[in-house]
Every structure is written in structure tokens, then in C-alpha cells.
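So you can see what is in the structure, the chains are spelled out below.
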Amino acid sequence: MDIKRWNYKVEILKNEHICLNFYKIVICAKEIAKAARAGQFCMLSVENAYLKRPLSIYDTDKQTVSFLYKVVGRGTGYLSKLKKGDSINITGPLGSCYPLEPGKNKIPFLVAGGTGIASIHFLAKQLNKKGLLFYGAKNKNELLCVSELKKLGFDLFFATEDGSCGFKGFVTDLFDKNIKDNSIVYVCGPNIMANKIIKTVNKLNIEGYVSLEEKMACGIGVCQGCAINVGNTKKLVCKDGPVFEMSLL
Ligand SMILES: Cc1cc2nc3c(=O)[nH]c(=O)nc-3n(C[C@H](O)[C@H](O)[C@H](O)COP(=O)(O)OP(=O)(O)OC[C@H]3O[C@@H](n4cnc5c(N)ncnc54)[C@H](O)[C@@H]3O)c2cc1C
Ligand code: FES
């Protein structure tokens, strides 16, 4: 297969503080914007650090690509300080994507936890059918980009651990209450949440896809650092994933 991916220096058009330690960065990269498919990610460089950091694609338009990120350490801390007009090295788009054409009788169930909403937002924009979108966070302040989510045409269901918005509890519990046999499930979020959903989906024998998170060094299938066991074989999350069919896991 012809792999279209770019590795170049790009200009930052915007780096917006959304709330708490969450940011949205917009870069000018028209080739990546054109090629990107929901579920894919890019590796972004960090000054004086050998390793780039992986971020899911949140959105694209003709010229730009945007990412939603949480500051957790040195790399994301560095990103948060970049300003409009600065430049950054980027590689992408990388990895596998979600299937975008659910069967005729299937209802899409999209489930996001935390910054997993980045990948799920892009999916909701590219999917050829509307459905239900479940989004969980610690509290209402950590539910990101809600006004943008409302424009997607999906039925939105929120879950917060403290009950400050929507269902009180975990998004996995909300999902369990609503799941139907004719669903097709797409999930991105912390591994603990993803694993719970994989278990439910596989038990009910429903079609489902999950975007997995692993620490990544190269992001392009060279270092083998992101290998996981899938059945009896080793798969690389950066190259064979991050999106995997749940029935294989
Ligand atoms: C395919 C993929 C897509 C991702 N998409 C997003 C996204 O859209 N938005 C977002 O905010 N984050 C995303 N992440 C996680 C993001 O890559 C890490 O938070 C980031 O690399 C941390 O770098 P750092 O230098 O700031 O932190 P470090 O100083 O390296 O680490 C700080 C903390 O973050 C944890 N951490 C480091 N790397 C990862 C990782 N790859 N996954 C999970 N935890 C990690 C460490 O265990 C540590 O506790 C994604 C990760 C992957 C693999
Ligand atoms: S991160 Fe290097 S092979 Fe996946």
C-alpha cells in the first residue's frame, strides 16, 4: 500500500488554552490535512528532546490540522508554551484509521474518555452516519470543546465522576445502560476504560473498534517499543494500530 506521510517543519497558527491544563494547537500542514483519516495521529517534536510525542488528530480543514492535548509532562509542557508564528517539526498522518462506513442497519456508538475526545471528534466528522456519542470526564470543567461537539449532529450523552454534568459515574456505566445489539462501537480513552468496553462488546458479540494508547518512541514501526499481544501475534500500536478491531483483542 502506498503510505502517504510527511515529515516537515510547520508553522503554528494558534495555540489556545482551553481550560485547566488542556490546550488546542492548530498548525499549517495542508498535505497532512488532506491525507488524514479519523483515528490517525501525528508525532510532534519537542525542543532538546530526542523523542517526539504522539497526538491524535482532532480536526482538519483545507490547510490546517489541529490537536487537543493535556499537559502532563515535559513534552506537552513545551508544546503549551509555543506561540502563533513559531514552528515545529511534525510527522504524520500515522497509524490505522476507524472504518467510516458502518453497515446499513448499524447505529454508531462513539465513546470517549478524557482527551480520547480528540480522536472521537474527528471520527464523528468523517463517519458517513450519525449516531450516539458518549463522553466521560472527571467533572464538567474537563468536558472539552462541548460547543463543537454539539455541531456534529450526534445525540450527546455526558458522564462525570462527580455528577456535575450528565450521568453521575463512569462513561462505561452509561455505555452499559444504552448498548444495543445493532450498535457498532468506536472507543478512545484511557486503557482502563477501553478494556471495560472491549469486554462488554466482545461478550455481546457486537462489532467494535478501539484506539489504544501505548508509550511511543519512534511512532513509525522501527523501535518495536509499542508492541502488544494480539491473539498469538505481536502488533505495533503505532503501525498496525492505534485502531484495532475489538474482536481480535
Ligand atoms: C496514538 C496516541 C495518541 C494520543 N493522543 C493524545 C491526544 O490527542 N491528546 C493528549 O493529550 N494526549 C494524547 N496521547 C498521550 C500523549 O502522547 C502523552 O500524554 C504525551 O506523550 C506525554 O508527553 P510528555 O513529555 O508531556 O509527558 P512525559 O513527561 O513523557 O510523561 C508524563 C506522564 O504522561 C505519561 N505518558 C507519557 N507518554 C504517554 C503516552 N504515549 N500515553 C499515555 N501516557 C503517557 C507518563 O507515564 C507520565 O505519567 C496520545 C498517545 C498516543 C500513543
Ligand atoms: S513506537 Fe516505535 S515501533 Fe511503535
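Every value quoted in this text rests on a predicted model; they were computed, and no experiment measured them.

## Concerning the site of ligand 1
Ligand 1 sits among 22 residues. The nearest are S56, G73, G75, T76 and A118. For the shell around ligand 1, the secondary structure elements donating two or more residues are strand 4 (53-56), strand 6 (64-70) and helix 2 (74-80). When the residues that make up the shell around ligand 1 are grouped by side-chain class, the tally is 10 nonpolar, 6 polar and 6 charged.

## Some points on the sheet that holds strand 8 (residues 107-113)
Strands pair in a sheet through their backbones, by hydrogen bonds, and they do so in one of two ways: parallel or antiparallel. On the basis of which strands lie adjacent, the open sheet formed by 7 strands has the order 11-10-9-8-12-13-16 and mixed pairing. Only two strands of the sheet have a single neighbouring strand rather than two, namely strand 11 (167-168) and strand 16 (243-245). Two strands pair when backbone bridges link them, and strand 12 (residues 183-188) and strand 13 (residues 207-211) are joined in this way by 5 bridges, in the parallel orientation. Bridge pairing in strand 13 places Y186 opposite Y209.

## Considerations on the domain arrangement of the chain
Where the parts come together, the accessible area they lose is often given as the size of the interface. With domains assigned, the chain is organised as domain 1 (6-94) and domain 2 (107-211). Centre-to-centre separation of domain 1 and domain 2, based on C-alpha positions: 23 Å. At the level of elements, strand 1 (6-19) and strand 6 are the ones that each hand at least two residues to the side of domain 1 that touches domain 2. Per-element accounting of the side of domain 1 that touches domain 2 gives the leading share, 4 residues, to strand 6. Looking at side-chain class alone, the side of domain 1 that touches domain 2 contains 10 nonpolar, 2 polar and 3 charged residues.

## A short note on the sheet that holds strand 4
Pairing is antiparallel in the open sheet, where 7 strands are placed in the order 4-3-7-1-2-6-5. With one partner strand each, in any of the chains shown, strand 4 and strand 5 (59-60) form the two edges of the open sheet.

## Focus: the pairing of strand 2 (residues 22-28)
Summarising the sheet, strand 1 and strand 2 pair through 7 bridges and their orientation is antiparallel. Bridging from a neighbouring strand, N15 pairs with I25 of strand 2. Between strand 1 and strand 2, which pair antiparallel and follow one another directly, the connecting turn spans 2 residues, one of which, L20, has a positive phi of 40 degrees. Bridge count between strand 2 and strand 6: 7 bridges; the pairing is antiparallel. Bridging across to strand 6, F22 finds its partner in K70.

## Quick word on the packing of helix 5 (residues 171-178) against helix 6 (residues 191-203)
Axis angle and axis distance: for two packed helices, these are the angle between their axes and the distance between the axes, and together they describe the pair. Following both chains from N to C, one finds helix 5 and helix 6 inclined at 20 degrees, their axes separated by 10 Å at the closest point. If you check the angle between helix 5 and helix 6, you find them roughly parallel. Seen along the crossing, helix 5 lies across helix 6 with a hand that is right-handed. Each of V171, T172, F175 and D176 in helix 5 lies in contact with helix 6, whose residues at this interface are M193, K196, I197 and T200. In the contact of helix 5 with helix 6, the residues fall into 4 nonpolar, 2 polar and 2 charged.

## With respect to the pairing of strand 10 (residues 155-160)
In this structure, strand 9 (residues 132-137) lies alongside strand 10, joined through 6 bridges in parallel fashion. Among the inter-strand pairings, F134 is bridged to a residue of strand 10, identified as F157. Bridging between strand 10 and strand 11 involves 2 bridges; their strand directions are parallel. The residue of strand 11 that forms the bridge with T160 is K168.

## A closer look at the environment of L94
Structurally, L94 can be placed in strand 7 (residues 87-94). As a C-alpha pair, L94 and W6 span 88 residues in sequence and 9.3 Å in three-dimensional space. Setting aside its immediate chain neighbours within four residues, L94 contacts R5, Q40, F41, C42, M43, G219, I220 and C238.

## Some details on unusual backbone geometry
Where the residue is not glycine, phi is negative for most of them; where a peptide bond is considered, it is trans in most cases. Residue G92 is joined to P93 through a cis peptide bond whose omega torsion reads -5 degrees. Inspection of the secondary structure assignment puts P93 in strand 7. In this chain, G241 is followed by P242 through a cis amide linkage whose omega measures 15 degrees. On the secondary structure map, P242 appears in the loop between strand 15 (233-236) and strand 16. You will see that L20, though not glycine, has its phi angle at about 40 degrees, which is positive. Among the structural elements, L20 can be located in the loop between strand 1 and strand 2. Residue L20 is classed as partly exposed on the basis of its 13 C-beta neighbours within 10 Å. Of note in this structure, C145 is not a glycine but carries a positive phi near 50 degrees.

The rules behind each value
- Residue indices begin from 1 for each chain and proceed along its sequence in written order.
- Working convention: letters from A go to chains and numbers from 1 go to ligands, in the order in which they are written.
- Totals for whole chains, interfaces and linings use every residue, but because this is a predicted model, local features are given only for residues with pLDDT of at least 70 and side-chain atom pairs only at 80 or more, for both listing and counting.
- Residues are classed as near a molecule or strand if the C-beta position derived from their backbone is within 6 Å of it.
- Comment: elements are numbered from the N terminus, with helices defined as DSSP H or I runs of at least four residues and strands as E runs of at least two.
- Side-chain classes are defined by residue name, with Ala, Val, Leu, Ile, Met, Phe, Trp, Tyr, Cys and Pro counting as nonpolar, Asp, Glu, Lys and Arg as charged, and the others, Gly among them, as polar.
- For two strands to pair, DSSP has to find at least two bridges joining them.
- All domain edges in this entry derive from an automatic or database-based domain assignment.
- Orientation is described by axes fitted as lines to C-alpha atoms, over the contacting stretch for helices, and by angles from 0 to 180 degrees between their N-to-C directions.
- Throughout this description, any angle smaller than 35 degrees is read as roughly parallel, any larger than 145 degrees as roughly antiparallel, any in the 65 to 115 degree range as roughly perpendicular, and the remainder as oblique.
- Crossings are sorted by hand: turned counterclockwise from the far helix by less than a right angle, the near helix makes the crossing left-handed, and turned clockwise it makes it right-handed.
- Here contacts are defined at the residue level, using C-beta atoms placed from the backbone and a cut-off of 7 Å between them.
- With C-beta atoms placed from the backbone, a residue counts as buried when 20 or more other C-beta atoms lie within 10 Å of its own, as exposed when 12 or fewer do, and as partly exposed for counts between those limits.

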